[in-house]
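# Architecture at a glance
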Amino acid sequence: MEKEQKLKELFLLTSFLCCFVVLIHTSSEAVTQLQMGSWQQKLFFIFNKALSFVVPGFVFLSGFKLTYAYKERTFHFLEFMKKRFTKILIPYICWYFAYYIFLYSIGFIEAKNIKQHIFSFIMGDLVSPFYFITIIFQFYILFGIFLFLLKKINHLLLFSICVIIQLYYLQYIYPMYEDRFFMTYLIYFLIGCLAAEHFKQFQDLIKKYSWIWYICFIFLTYWHTTHAYASNVEGIFYSYWRVFTCLFSISSIMVFYHISDYITKEAPEKLISLFKAIDSSSFYIFLGHCFLLYLCNNFWFKIGLESIVEKFILNSVIVFFFSFFFSFIYIICKKKWYSIRKKV
């Protein structure tokens, strides 16, 4: 009970990230299809870019939750990976084929051979949310090493070394598929691990220096979104863009953690239960929301709806409601099934 009390803020932080990832994808058509350089396109671009810390946020949460769960438990790699296979890989396999069959049936993608399927599955490039699976599985494979380092190395020293490695990587190393390579997200996972290891100190740090986090968040959001726009639309070079992306993402995670912590301390239990339900359903919302988005866009195409702003509003409402609703239903049915099996 004490553990659940401590982690209530993570329910809301997960809920925020789920909402943001849906908004990123429902607004992406406006970013690419509105007239380049128009005020509407600029508005959607900045809005979309301002939410782009969601993947670092989910990586942070994974590091936090995993480390917190194994603080007083023995880590067994095969048992750990078996649980991840059941909870993550099996739903991913099902959704991979669901997306492929549907997108192929409407002529959105061409047929793939076995080699192409293997590549797409491993790299998570069939649809945009899938690359997170590629990222997070790398951290699952490496999690035992993180636990070992946390036990053997002074945490301040470990963090300092990681910061140096991360900065060097971001500035000088540009691997293929960097957006799905674990090194791009190393600092977020480690911060999550350290936050779980020093939970009370982490909360105190967030509260005591909250005004600094908010100033950094406002400045870096403005800096990153406007410079990214100038780079993508106007062709102006964005110096140190990967470093600024990292700083922007960290400040955003800290601010929304603080907001989540504040709200959950004031919120009634019924609202906390809603956040908890979203947290439990978050992986299925993450996997399934783009399927609903493709369904909606295919329907708008058939009926001749062309207004991009109207589609953004309709898609956001429909995808929010049904992806959350169906994910809740699935979780309820899953829990009911497990309870029946235990009784048998």
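This text goes with the structure placed above it.
So, here is what we can say about the structure in this document. Bear in mind that the values here come from a model prediction, so they are computed numbers and not experimental data.

## Comments concerning unusual backbone geometry
Positive phi outside glycine occurs at tyrosine 177, with the angle close to 55 degrees. Along the polypeptide, tyrosine 177 turns up in the loop between α8 (155–172) and α9 (186–197). According to the relative accessible area criterion, tyrosine 177 is partly exposed, its value standing at 38%. A positive phi is found at tyrosine 240, a non-glycine position, where the angle reads about 55 degrees. With respect to the helices and strands, the residue tyrosine 240 is situated in the loop between α11 (210–234) and α12 (241–266).

## Regarding the packing of α11 against α12
Following both chains from N to C, one finds α11 and α12 inclined at 135 degrees, their axes separated by 8 Å at the closest point. One finds that α11 runs oblique with respect to α12. In terms of crossing hand, the pair formed by α11 and α12 is left-handed. In this structure, α11 contributes Ser210, Trp213, Tyr214, Cys216, Phe217, Leu220, Thr221, Trp223 and His224 to the contact, and α12 contributes Phe244, Thr245, Leu247, Phe248, Ile250, Ser251, Ser252, Met254, Val255, Phe256, His258 and Ile259.

## Describing the packing of helix α10 (residues 199–208) against α12
Two elements in contact, α10 and α12, have axes separated by 10 Å at closest approach and are oriented at 100 degrees. One way to sum up the angle between α10 and α12 is to call them roughly perpendicular. Along its contact with α10, which presents Phe199, Phe202, Gln203, Ile206 and Lys207, the element α12 presents Met254, Tyr257, His258, Asp261 and Lys265. Looking at the contact of α10 with α12, its residues break down into five nonpolar, two polar and three charged.

## Focus: the packing of aromatic side chains
With the rule as written, the count across this model stands at 64 aromatic pairs. With a centroid separation of 5.5 Å and an interplanar angle of 20 degrees, the aromatic rings of phenylalanine 53 and phenylalanine 256 are classed as stacked. With phenylalanine 53 in the loop between α3 (39–50) and α4 (54–69) and phenylalanine 256 in helix α12, the pair connects residues that are 203 residues apart, well separated along the chain. A single burial state applies to phenylalanine 53 and to phenylalanine 256, both of which are buried. Clustering of aromatic rings is evident, with ring pairs tying together Tyr70, Phe75, Phe80, Phe137, Phe139, Tyr140, Phe143, Phe146, Tyr169, Phe181, Phe182 and Phe189. Over the aromatic face of tyrosine 70 sits the side chain of arginine 73, whose NZ or CZ is 4.4 Å from the ring centroid. Across the ring face of tyrosine 140, the terminal group of arginine 84 is positioned such that the distance to the ring centre comes to 5.7 Å.

## Brief notes about a nonpolar patch on the surface
Residues Phe321, Phe322, Phe325, Phe326, Ile329 and Ile332 make up a contiguous nonpolar surface patch of roughly 580 Å² in combined accessible area. Of note, phenylalanine 321 is situated in helix α14 (residues 308–343).

## What to know about the state of the cysteines
Under the criterion given, the structure shown has zero disulfides. The closest cysteine sulfur to the non-disulfide-bonded cysteine 162 is located on cysteine 246, 9.1 Å from its own sulfur. Considering cysteine sulfurs only, cysteine 290 is the nearest to cysteine 296, which forms no disulfide, with 11 Å between them. Note on cysteine 296: relative accessible area 9%, which makes it buried.

## Some details on the environment of serine 27
Locating serine 27 in the fold gives a position in helix α2 (residues 8–33). Classification of serine 27 by relative accessible area gives buried; the value is 0%. With 240 residues separating them along the chain, serine 27 and alanine 267 place their C-alpha atoms 30 Å apart. Apart from residues no more than four positions distant in its own chain, serine 27 is found in contact with Phe44, Phe47, Asn48 and Phe312.

## Section: the pattern of salt bridges
Scanning the model with the defined rule gives nine salt bridges in all. For aspartate 179, the salt bridge is made with arginine 180, and the minimal N-O distance between the two is 3.0 Å. Judged by its relative accessible area of 32%, aspartate 179 falls in the partly exposed class. Close ionic contact of lysine 265 with aspartate 261 constitutes a salt bridge, the shortest N to O distance being 2.7 Å. Of this pair, lysine 265 and aspartate 261 both sit in helix α12, separated by four residues, roughly a single helical turn. Salt bridges sharing common partners tie together Lys207, Asp261 and Lys265.

What counts, and at which threshold
- Residues numbered from 1 in each chain as written.
- Predicted model: local features only at pLDDT ≥ 70, side-chain atom pairs only at ≥ 80, totals over all residues.
- Heavy atoms only, no water.
- Helix = DSSP H or I, 4+ residues; strand = E, 2+ residues; numbered from the N terminus.
- Buried < 20%, exposed > 50% of the residue type's maximum accessible area, 1.4 Å probe, protein only.
- Axes fitted to C-alpha atoms, helices over the stretch in contact; angles between N-to-C directions.
- Parallel < 35°, antiparallel > 145°, perpendicular 65-115°, else oblique.
- Left-handed = near helix turned anticlockwise from the far one by under 90°.
- Contact = heavy atoms within 4.5 Å.
- Nonpolar A, V, L, I, M, F, W, Y, C, P; charged D, E, K, R; others polar.
- Phe/Tyr/Trp six-rings, centres within 6.5 Å; stacked < 30°, edge-to-face > 60°.
- Lys NZ or Arg CZ within 6 Å of the ring centre and 35° of its normal.
- Patch = residues over 30% accessible without salt bridge, like charges linked within 9 Å, V, L, I, M, F, W, Y side chains within 5 Å.
- Areas by Shrake-Rupley, 256 points an atom, 1.4 Å probe, with all protein chains shown as cover.
- Salt bridge = Lys/Arg side-chain N within 4 Å of Asp/Glu carboxyl O.
- Disulfide = S-S within 2.5 Å.

Shape descriptors only; they carry no functional weight alone.
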